[in-house]
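Structural overview
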Amino acid sequence: MLPESITKVTDHLMKFPSMGRRSSQKIALQLLDQSDLEFQELLQDLVKMKQEVSFCGICGFFSQNNLSCSICSDRLRLNHQICVVEKPTEVIAMEKSLIYRGRYHVLGRLISPLDHIFAQNTNIPSLIDRIKSLDRVELVLFLQPSFNAEATTAYIREKILELDLGDKVNISKMAQGLPSFYNIDTLDIETLAKAMEGRIKV
Ligand SMILES: [Zn+2]
């Protein structure tokens, strides 16, 4: 019924998580409704985003033009507290809690022996380097509960002991108050704040 070009854009949008045909088509039609200027600006910004956004060389969060991210560049944040997450979007979720003033380390992937993903395929080696460069560290693990999260936690803990860094590193896990199965991206502020306050030693 609709012209092929609209259907094509709709199909592209439907590839994004939680985008159904109806909402994708709605956006496609809204794009069509934009002025030429608005649409050109959007196109330019999309290209720019793709070209300029990369991952921070220190923590793995999103950064612009290969510089350190806004969190690593913030001098007011606590250096010794590092919240470990799997994906960069989880940094955004954690930041919503407003009570965390430390830094982050994005692992990119979790250890998953069955999928042949080992520590060297994740950002754990750079986390260990960061730990080595600090006098004392509190690692706050914020990983969605899973077998891989357990394996990753166990590996980090063992590596720290193996390198004799145990005396200066405290590892805690955000758990208390969190439902047993949760999606980090959709946790509300209050639950996050409580889980941060009630974190437990691992
Ligand atoms: Zn960073």
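It should be emphasised that the depicted structure is a prediction, and the values quoted were computed from it without experimental measurement. (Residues numbered from 1 in each chain as written. Predicted model: local features only at pLDDT ≥ 70, side-chain atom pairs only at ≥ 80, totals over all residues.)

Things to note about the overall build of the chain
Formally: Labels follow the DSSP assignment, with helices taken as runs of H or I lasting at least four residues and strands as runs of E lasting at least two, numbered in each case from the N terminus. Here a residue counts as buried when 20 or more other C-beta atoms fall within 10 Å of its C-beta, as exposed when 12 or fewer do, and as partly exposed in between; the C-beta atoms come from the backbone. Contact definition: two residues whose C-beta atoms, as placed from backbone geometry, lie within 7 Å.
When you go through the chain residue by residue, the secondary structure sums to seven helices and seven strands. Start at the N end of the chain and walk to the C end: the helices and strands fall as α-α-α-β-β-β-α-β-α-β-α-β-α-β. Overall, the C-alpha framework of the chain stretches about 65 × 35 × 35 Å when taken along its three principal axes. Across the 202 residues of the chain, 22% fall into the buried class. Considering only contacts within the chain whose residues lie at least 6 apart along the sequence, 55% involve residues at least 24 apart.

Some words on the packing of helix α1 (residues 4-13) against helix α2 (residues 21-33)
The criterion, for reference: Lines are fitted to the C-alpha atoms to define the axes, a helix being fitted only along its stretch in contact, and any angle between axes, read from their N-to-C directions, falls within 0 to 180 degrees. Our angle categories are set so that under 35 degrees counts as roughly parallel, over 145 as roughly antiparallel, 65 to 115 as roughly perpendicular, and the remainder as oblique. Two helices that cross are described as forming a left-handed crossing if the nearer one is turned anticlockwise from the farther one by less than a right angle, and a right-handed crossing if clockwise. Gly is placed with the polar residues, together with every amino acid not listed as nonpolar (Ala, Val, Leu, Ile, Met, Phe, Trp, Tyr, Cys and Pro) or charged (Asp, Glu, Lys and Arg).
Between α1 and α2, the shortest axis-to-axis distance is 8 Å and the interhelical angle comes to 125°. On the basis of the axis angle, α1 is oblique to α2. Crossing handedness for the pair α1 and α2: right-handed. In this structure, α1 uses I6, V9, T10 and L13 to contact α2, whose residues at the interface are R21, S24, Q25, I27, A28 and L31. Classifying every residue of the contact of α1 with α2 gives six nonpolar, three polar and one charged.

Focus: the domain arrangement of the chain
Note the following rule: Throughout the structure description, domain borders are defined by an automatic or database domain assignment.
You can read the domains of the chain as domain 1 (4-33) and domain 2 (74-201). Here domain 1 and domain 2 have C-alpha centroids that lie 36 Å from each other.

What to know about the nonpolar core
Going by this rule: Residues enter a nonpolar core if they are buried, belong to Ala, Val, Leu, Ile, Met, Phe, Trp, Tyr or Cys, and are joined to the set through C-beta atoms within 7 Å.
Membership of the largest hydrophobic core comes to 32 residues, with the highest contact counts inside it found for C83, V84, V85, Y104 and F142. Elements supplying a minimum of two residues to this core: β3 (81-85), α4 (88-95), β4 (103-106), α5 (124-132), β5 (137-141), α6 (147-162) and α7 (189-197). Sequence-distant contacts of V85, defined by excluding residues within four places in its chain, comprise E90, V91, M94, Y104, V106, F142 and L143.

A word on the environment of L114
Topologically, L114 is positioned in the loop between β4 and α5. As a C-alpha pair, L114 and F16 span 98 residues in sequence and 27 Å in three-dimensional space.

So, unusual backbone geometry
Note: most residues except glycine have negative phi, and most peptide bonds are trans. A positive phi angle, near 60°, is found at N66, a position not held by glycine. The topology assignment puts N66 in the loop between β2 (62-64) and β3. Overall, N66 belongs to the exposed group, with 11 C-beta atoms counted inside 10 Å. Even without being a glycine, D164 presents a positive backbone phi close to 60°. You can see D164 is positioned in the loop between α6 and β6 (169-173).

Here we look at the sheet that holds β3
As a reminder, the rule being used: The criterion for strand pairing is that DSSP finds at least two bridges linking the strands in question.
With mixed pairing, the five strands of this open sheet are ordered in space as β4-β3-β5-β6-β7. Looking at the sheet topology across the chains shown, the edges are occupied by β4 and β7 (200-201).

Some words on the pairing of β3
Within β3, four of the five residues are buried, leaving the element largely enclosed by the surrounding structure. Note that β3 and β5 share four bridges and pair parallel. Opposite Q81, over in β5, you have E138 as the bridge partner. Relative to β4, β3 runs parallel, the two sharing four bridges. Along β4, the bridge assignment pairs C83 with Y104.

Side note on helix α3 (residues 36-52)
Side chains three or four residues apart in an α-helix point the same way, a direct result of the helix having 3.6 residues per turn. Stated precisely, the cut-off is as follows: Expected helix span is taken as 1.5 Å per residue step, with the number of steps being one fewer than the number of residues.
Over its 17 residues, α3 runs 24 Å from end to end, which matches the ideal 24 Å to within 8%, given 1.5 Å per residue. The element α3 is barely covered by neighbouring structure, given that only zero of its 17 residues are classed as buried.

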